[in-house]
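Observations on chain architecture
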Amino acid sequence: MAEFEKGVVPRKDLNGAGLRILIVHTRWNLSIVDPLVKGTIETLRSAGVTAENILVRDVPGAFELPFASQQLLRQHPDVDACISIGVLIKGSTMHFEYIADSTCHGLMRVGLDSGKPVVLGVLTCLTEDQAFERAGIGRQGHAGHNHGIDWAQAAIEMALLNKK
Ligand code: DLZ
């Protein structure tokens, strides 16, 4: 039996040349958000998106991502896709549940309402270690996988689909 490989199988022929991509990221948990943004940008660049066509903006926390993504898409109508990046880590109150739920629903709404693909680059982690692993910087001996890579590929794939 074939070995199970968790995660997305990326398209091999992704070409982001000519695409304009907006990245909106939080300043909450910035030491984890930073490598995710870096991984996203590196992947966009290696798929042919030029540096001038990558717009990067920041907001305080995840709860601000839907509003900021909506407004920035409105201000930059030439953008082909938006990647909204943040890291939520569960604490001892109910904040995590409320912010995670409203952020994810809000981002989905922005995509459907604007007609522009919005990629969910929000990690919702139960522990700090989970977040470090998903940003590819690990803490317990294995680096994990930088999810920014997948988000960049998803943005290009959806932007191309939207141009058809
Ligand atoms: C308040 C809060 C908490 C408790 N945790 C996080 C978090 O883990 N990640 C994150 O991005 N933001 C967090 N925030 C801040 C909210 O998202 C938001 O910025 C504030 O409630 C102001 O609206």
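Let me begin by describing the structure that accompanies this report. (Residues numbered from 1 in each chain as written. Predicted model: local features only at pLDDT ≥ 70, side-chain atom pairs only at ≥ 80, totals over all residues. Heavy atoms only, no water.)

1. Examining the site of the ligand
The line we're drawing: Note on terminology: near, applied to a residue and a molecule or strand, indicates that one of the residue's heavy atoms is within 4 Å of it. Two N or O atoms form a polar contact when they lie within 3.5 Å of each other; inside protein one atom must be a possible hydrogen donor and the other a possible acceptor, and for residues adjacent in sequence the pair counts only when both atoms belong to side chains. Here the accessible surface of atoms and residues is derived via Shrake-Rupley with a 1.4 Å probe, and residues count as covered only by protein chains that are part of the display. The helix count covers DSSP runs of H or I at least four residues long, the strand count covers runs of E at least two residues long, and both are numbered beginning at the N terminus.
The immediate surroundings of the ligand are formed by Trp-28, Asn-29, Gly-61, Ala-62, Phe-63, Glu-64, Val-87, Leu-88, Ile-89, His-95 and Ile-99. Here an oxygen atom of the ligand and a backbone polar atom of Phe-63 are 3.1 Å apart. In this structure, Ile-89 approaches the ligand through a main-chain N or O atom, which is 3.3 Å from an oxygen atom. Coverage of the ligand by the protein amounts to 72% of the 480 Å² it exposes when considered alone. For the shell around the ligand, the elements supplying multiple residues, two or more each, are strand S3 (81–89) and helix H3 (95–114). Per element, the largest residue contribution to the shell around the ligand is three residues, and it comes from S3.

2. Structural notes on the nonpolar core
Put simply, the test is: We define a nonpolar core as any set of buried Ala, Val, Leu, Ile, Met, Phe, Trp, Tyr and Cys residues linked to one another through side-chain atoms lying within 4.5 Å. Buried means the residue's accessible area, taken with a 1.4 Å probe over protein chains only, is under 20% of the maximum for its type, while exposed means over 50%, and partly exposed covers the values in between. In what follows, a contact means two residues having at least one pair of non-hydrogen atoms within 4.5 Å.
Core analysis: the largest hydrophobic core is formed by 27 residues, its most contacted members being Leu-36, Leu-44, Ile-83 and Ile-85. Broken down by secondary-structure element, the contributors of at least two residues to this core are strand S1 (21–26), helix H1 (30–46), S3, strand S4 (118–125), helix H4 (128–134) and helix H5 (147–163). Apart from residues lying up to four places away in sequence, Ile-83 is in contact with Ile-21, Leu-22, Ile-23, Val-24, Thr-40, Leu-44, Val-119, Trp-151, Ala-152 and Ala-155. With 19 residues, the next largest nonpolar core counts Leu-65, Val-79, Val-110 and Val-118 among its residues.

3. Considering the packing of helix H2 (residues 65–75) against H3
We apply this condition: Note on geometry: axes are C-alpha line fits, over the in-contact stretch for helices, and angles between N-to-C directions span 0 to 180 degrees. Note on angle classes: values under 35 degrees are labelled roughly parallel, values over 145 roughly antiparallel, values of 65 to 115 roughly perpendicular, and the remainder oblique. What makes a crossing left-handed is the near helix being turned counterclockwise from the far one by less than a right angle; a clockwise turn instead makes it right-handed.
Close contact between H2 and H3 brings their axes to 8 Å; oriented N to C, the two are set at 20 degrees. On the basis of their axis angle, the class for H2 and H3 is roughly parallel. As H2 runs across H3, the sense of the crossing is right-handed. In contact with Leu-65, Pro-66, Ser-69, Gln-70 and Leu-73 of H2, H3 contributes Ser-102, Thr-103, Gly-106, Leu-107, Val-110 and Ser-114.

4. Some points on unusual backbone geometry
Phi at Asn-29 takes a positive value of approximately 55 degrees, unusual for a residue other than glycine. Here Asn-29 is to be found in the loop between S1 and H1.

5. Looking at the side chain of Thr-26
Among the secondary structure elements, Thr-26 is positioned in strand S1. Residue classification places Thr-26 among the buried residues on the basis of a relative accessible area of 1%. Only 3.2 Å separates the side chain of Thr-26 from the backbone oxygen of Trp-28, close enough to count as a polar contact. Apart from residues lying up to four places away in sequence, Thr-26 is in contact with Val-33, Val-59, Pro-60, Gly-61, Ala-62, Leu-65, Ile-85, Gly-86 and Val-87.

6. Digging into H2
For H2, the set of buried residues is Leu-65, Pro-66, Ala-68, Ser-69, Gln-71, Leu-72 and Leu-73. Looking at the buried residues of H2, the elements they touch are S1, strand S2 (54–59), S3, H3 and S4.

7. Looking at the sheet that holds S1
Note the threshold: A pair of strands is treated as paired once DSSP finds two or more bridges between them.
On the basis of which strands lie adjacent, the open sheet formed by four strands has the order S2-S1-S3-S4 and parallel pairing. Each edge of the open sheet carries a strand with a single partner, namely S2 and S4. Between one strand axis and the next, the sheet turns through 15 degrees on average, direction left out of account. Pairing of S1 with S3 involves five bridges; the strand directions are parallel. Residue pairing across strands places Leu-22 opposite Cys-82, the latter belonging to S3.

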